[in-house]
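For reference, the chains in residue letters:
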Amino acid sequence: MTDFASFESYNSTPRLASLALSPDGTRLVTVVSSLAPDGKTWQGALWEVDPTGERDATRLTYSTKSDAAPVFAPDGSLLFLSKRPDPLTKPDEAKDKTALWRLPVRGEAAEVLRPGGGVGQVRVAGETLLLTSYAHRLVEFGGEDDAKRKAREDAGVTAILHESYPIRYWDSDLGPSYPRLFSVPLDRPAAEHVTALSDDSESRLSDEDIALSPDGRWAVHGYAVDVSAAYGRRTELRLVATDGSSSRVIASEEGFSFFDAAFTHDSSAVIAIRFRESTADAPYRSSLVRIDLADDSITPLAPDFQEEPAHPVVSPDSSAVFFVASHLGHQPVWRLDLATGEVTKLTLSGYYSDVVVSPDGETLYALRNSVDHPPQPVRFASTGADQDPARLPAPGALTSVPGTLTEVSTVVADGRTVRAWLVLPDGASADSPAPLLLWVHGGPVMSWNGWTWRWNPWLMAARGYAVLLPDPALSTGYGPDFIAAGWGRWGAEPYTDLMAITDVTVERPEIDGSRTAAMGGSFGGYMANWIATQTDRFRAIVTHASLWHLDAFSGATDDSYFWMREMGDPITRPERVLANSPHLRVADIKTPMLVIHGDKDYRVPIGEGQRLYFDLVRHGITAKYLYFPTENHWILTPGNSRVWYETVWAFLAEHVLDQEWERPELL
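Note that the structure is predicted; figures quoted are calculated from it, not measured. (Residues numbered from 1 in each chain as written. Predicted model: local features only at pLDDT ≥ 70, side-chain atom pairs only at ≥ 80, totals over all residues. Heavy atoms only, no water.)

Participant: Would you explain the packing of helix H5 (residues 493-506) against helix H6 (residues 523-534) in this entry?
Facilitator: Between two packed helices, the angle of one axis relative to the other and the distance separating the axes together describe the packing. One can describe the packing of H5 onto H6 by two numbers: an axis separation of 11 Å at closest approach and a directional angle of 75°. On the basis of the axis angle, H5 is roughly perpendicular to H6. Mapping the contact onto sequence places Pro494, Tyr495, Leu498 and Met499 in H5 and Phe523, Met527, Trp530, Ile531 and Gln534 in H6. A breakdown of the residues in the contact of H5 with H6 according to their chemical character gives eight nonpolar, one polar and no charged. (Axes fitted to C-alpha atoms, helices over the stretch in contact; angles between N-to-C directions. Helix = DSSP H or I, 4+ residues; strand = E, 2+ residues; numbered from the N terminus. Parallel < 35°, antiparallel > 145°, perpendicular 65-115°, else oblique. Contact = heavy atoms within 4.5 Å. Nonpolar A, V, L, I, M, F, W, Y, C, P; charged D, E, K, R; others polar.)

This is the structure we're talking about:
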């Protein structure tokens, strides 16, 4: 049982990710991450879940290194990725690279392939193993790449020469090695049998966006192509024979990118996401398409569907496509009938991911989570609307949370309905109203629609706070017009929506409207900063990984083109940057602020946090700065995560609860 009043108990709760189903449909495998014995990392292990729900889950692998990304081979053996050392090699020969391992139906796991650049993604079908690995430019994969890797290491060289953009991604420096796509016979998985399926390029192959046909003869991968110096890149899809004999572009269209490809089961077509790239006038938009491989014709699917589909999965008879999409504070699984075009929402509530379909097409399995429960494996039928799936026994299930979850909503000036989740702590009542935390989600084009380990409201509820989780303009799950309402207007409708839903919430008798705070991370951090410049209604503001100086941010973030398509070039079209940049309004801030930032954050670079803190200090605003030299956009290590929460609790206790400041003991 997880005790949310104890961070150690919370941190020790097992965390599930990934789901794989065996070819015969009798075995279901997930990854369960648990706190390592030293408490400094999480370690992933493979667990088998009973698809019938009759037996408890059983652990399959043990390693001091994490095991991840399970994929079943046609013979029922289980492939997975791990940095664990191979016991058959000498200790000094073991490389700390991600290797491909194979666990037979009976017996022990054995290493299959450990290239110098590690293994990134794996797909398997027929007699073909498809994988990505990293290699240096201008050298052959294998021996030449290994030699260059060693030469750089021996010379102490870490420099990277870039000749294209981007150069970073979230928390990773791109280069000096880049992903390439390879195939290898499943019965001869050795370096000498590897066939290269993509070219030697800088940051053009999408490492995660690969698909393998059911017969193992064809692969599809995403590939970035240059558009212009002002626009950047878009992504096309390429079809390549896994024996390396042919390759061609199957989806390339001006103003659009394509990704999330999935083959039909006769390998005659590909279902994919067609992504309309954003412009200053219109947000990006996702839709489903079918690409027929006979003539590469592209046919829109479910053109009237109002939400943002993702991660399509094709039924075994290719009659239907299953996908997920945000909807009214949830992320259901949907079914598209390819014959009639009818779309059915299969699940009633919750956030679903990792959808897999049984061999007979009758049953779906997925990981389901919700705002009040972490991911757990579930089973439900492939037809039938608004189902409540059967939960399957697995580690990490919660018996309770320290409060209740409800919804609030309000109609704003332009007629839109803005809704939010409201977490009420145990004991909150008219006689004992709770202080309120307004917690703004990141994105910004996303939603509070599921469980989060990083921004967990129940840790706040255990300390007596009510937590408001709103979906303002720009949020997904409410149709394209809801996103458009805040496009390029971050300081306008998103802000007024947040204030409107807060106004409604503080009227509730269980809420103490005189004790409120606002907080958020990423876009939520931007909104926290903007709120600070617009009102003094909150007693404290916590801002994490936040945008502050939008001009400086425009060129320093890891994907400047994506940002500028919405907000404009700050030199040639500065209007939106000036209208929405909170740094220009720092003199209006009166609320105490806690600034938090990680140095390895490339999405919102560290300069944003440093400039924000300096601007607050030089204007005499009460402020503290919690700095993480080794963390990124998120705070991922157990120890630093604990310190993050302890500092936030102490800051809020001082300013919202009128308690003495208590510095966390490890700071």
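Having seen it, we continue.
Participant: So what exactly am I meant to see when it comes to the pattern of salt bridges here?
Facilitator: Any two side chains of opposite charge can pair, so long as their charged atoms come close to each other. As enumerated under the stated definition, the model contains 38 salt bridges in all. Where Glu407 meets Arg419, a salt bridge forms, and the shortest distance between an N and an O atom there is 2.8 Å. Separated by twelve residues along the polypeptide, Glu407 in strand E31 (residues 403-411) and Arg419 in strand E32 (residues 417-425) bring together distant segments of the chain. Classification of Glu407 by relative accessible area gives partly exposed; the value is 42%. Glu665 serves as the salt-bridge partner of Arg642, at 3.3 Å between the closest nitrogen and oxygen. Of the two residues, Arg642 is situated in helix H11 (residues 638-655) and Glu665 in the segment after H11; the sequence distance between them amounts to 23 residues. Salt bridges here are not isolated pairs; linked through shared partners, they connect Glu8, Arg642, Glu646 and Glu665. (Salt bridge = Lys/Arg side-chain N within 4 Å of Asp/Glu carboxyl O. Buried < 20%, exposed > 50% of the residue type's maximum accessible area, 1.4 Å probe, protein only.)

Participant: I keep staring at the packing of aromatic side chains and nothing clicks. Help me out?
Facilitator: Geometrically, a pair of aromatic rings is defined through the distance of the ring centres and the angle of the planes. By the definition in use, this model includes 32 aromatic pairs. Taking 6.4 Å as the distance between ring centres and 65° as the angle between the ring planes, the aromatic pair formed by Phe4 and Trp451 counts as edge-to-face. Remark: Trp451 occurs in the loop between strand E33 (434-440) and helix H3 (457-461) and Phe4 occurs in the segment before helix H1 (7-11); sequence separation between them is 447 residues. Relative accessible area serves as the criterion here: at 3%, Phe4 is assigned to the buried category. You can call Trp451 buried: its relative accessible area is 11%. Both rings, one in Tyr478 and one in Phe482, keep their centres 4.9 Å apart while their planes meet at 35°; by these two values the pair is tilted. The exposure class assigned to Tyr478 is buried, which follows from its relative accessible area of 17%. Taking the relative accessible area as the measure of exposure, Phe482 reaches 4% and is therefore buried. Put simply, the rings of Phe4, Phe7, Tyr10, Trp451, Trp453, Trp455, Trp644, Tyr645 and Trp649 pair up and form one aromatic cluster. Its guanidinium or amino end placed over the ring of Tyr231, Arg565 lies 4.1 Å from that ring's centre, counting from NZ or CZ. (Phe/Tyr/Trp six-rings, centres within 6.5 Å; stacked < 30°, edge-to-face > 60°. Lys NZ or Arg CZ within 6 Å of the ring centre and 35° of its normal.)

Participant: Help me understand unusual backbone geometry in this model?
Facilitator: Glycine aside, the phi torsion of most residues is negative, and most peptide linkages are trans. Here the residue pair Tyr165 and Pro166 is connected by a cis peptide bond, since its omega of 15° sits within 30 degrees of zero. In this fold, Pro166 is placed in the loop between helix H2 (143-155) and strand E11 (168-169). In this structure, the amide linkage connecting Gly175 to the following residue, Pro176, adopts the cis form with an omega of 5°. Counting through the fold element by element, Pro176 comes out in the loop between strand E12 (172-173) and strand E13 (177-185). In the Ramachandran plot, Leu138 falls in the positive-phi region, its phi being about 65° despite a non-glycine side chain. Tracing the chain through its elements places Leu138 in the loop between strand E10 (128-136) and H2. Classification of Leu138 as exposed rests on a relative accessible area of 71%. Unusually for a residue other than glycine, Leu328 sits at a positive phi of about 55°. By the element assignment, Leu328 lies in the loop between strand E24 (320-324) and strand E25 (333-337). Taking relative accessible area as the criterion, Leu328 reaches 40% and is therefore assigned partly exposed.

Participant: Even after reading the chapter, I still don't get the pairing of strand E3 (residues 42-49), so can you show me in this structure?
Facilitator: As a general feature of sheets, a regular strand has side chains that alternate between the two faces. Within E3, seven of the eight residues are buried, leaving the element largely enclosed by the surrounding structure. Here strand E2 (residues 28-35) runs beside E3; their pairing, made up of eight bridges, is antiparallel. From the neighbouring strand, Leu28 faces E3, where its bridge partner is Val49. Connecting the antiparallel pair E2 and E3 is a turn made up of six residues, with Gly39 showing a positive phi of about 75°. Both E3 and strand E4 (residues 58-59) contribute to a ladder of two bridges, which runs antiparallel. (Pairing = 2+ DSSP bridges.)

Participant: Mind showing me how you'd approach the nonpolar core here?
Facilitator: Generally speaking, nonpolar side chains in soluble globular proteins are found buried as a group. Of all hydrophobic cores here, the largest spans 53 residues; its most connected members are Leu438, Ile531 and Leu616. Residues contacting Leu438, with those up to four places away along its chain left out, are Leu468, Pro470, Leu498, Met499, Thr502, Ala517, Ala518, Met519, Ile531 and Phe538. Of all hydrophobic cores here, the second largest spans 38 residues; its members include Ala461, Ala540, Phe628 and Leu652. (Core = buried A, V, L, I, M, F, W, Y, C linked by side-chain atoms within 4.5 Å.)

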